[in-house]
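The chain contents come next:
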Amino acid sequence: MERKNINIGMKDEYGDKKRCLEIATEILDKGLITGVTPLQMAAEIYSHHYVYVLIPKLPRFMRNFWVLKRMYQSCDNGVDLGDNGDPRWRKIIYYWVYKIL
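Just so it is clear, the model here is predicted, and its values are computed rather than measured. (Residues numbered from 1 in each chain as written. Predicted model: local features only at pLDDT ≥ 70, side-chain atom pairs only at ≥ 80, totals over all residues. Heavy atoms only, no water.)

A. Geometry of the side chain of S47. As for its position among the elements, S47 is in helix α2 (residues 38-54). S47 sits in the buried class, given a relative accessible area of 5%. (Helix = DSSP H or I, 4+ residues; strand = E, 2+ residues; numbered from the N terminus. Buried < 20%, exposed > 50% of the residue type's maximum accessible area, 1.4 Å probe, protein only.)

B. Examining the pattern of salt bridges more closely. For the structure shown, the criterion picks out five salt bridges. A salt bridge links E13 to R19; the nearest nitrogen and oxygen atoms lie 2.7 Å apart. Judged by relative accessible area, E13 falls into the partly exposed class, the value being 31%. For E26, the salt bridge goes to R19, with nearest N and O atoms at 3.6 Å. Taking relative accessible area as the criterion, R19 reaches 24% and is therefore assigned partly exposed. Among the charged side chains, a network of salt bridges with common partners joins E13, R19, E22 and E26. (Salt bridge = Lys/Arg side-chain N within 4 Å of Asp/Glu carboxyl O.)

C. Geometry of the packing of aromatic side chains. All chains considered together, the criterion is met by four aromatic pairs. Ring plane angle 85° and centroid distance 5.1 Å describe the contact between Y95 and W96, whose orientation is recorded as edge-to-face. Judged by its relative accessible area of 47%, W96 is partly exposed. Taking NZ or CZ as reference, K17 lies 5.2 Å from the ring centre of Y46, over its face. Looking at K17, its charged tip hangs above the ring of Y98, at a distance of 5.5 Å from the centre. (Phe/Tyr/Trp six-rings, centres within 6.5 Å; stacked < 30°, edge-to-face > 60°. Lys NZ or Arg CZ within 6 Å of the ring centre and 35° of its normal.)

D. Molecular detail of unusual backbone geometry. Phi angles above zero are rare outside glycine, and N84 is one such case at about 70°. Secondary-structure assignment places N84 in the loop between β2 (80-82) and α5 (88-100). On the basis of relative accessible area, N84 is assigned to the partly exposed category, the value being 47%.

Written out as structure tokens, the structure is:
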């Protein structure tokens, strides 16, 4: 079976954790993505929004670091979601961003 992937764009509403959980639940209920929990997907959506909002607020010299540029461009293109989610190490980061920030 082929892995399913979707891009949900970037929206201001992703800064609301409760809304992220609602969106994740809707996506999973429709079967658009499988293999992740609603919390895992909500954390990924929220984390992408957090990076999208945070990086432009950093000083210019920091925004110009290649890794931060790449992170921002990835988030600017929206949130890519796929069956079974991102690698485990990213899921851990998403979880902590969602829980702490």
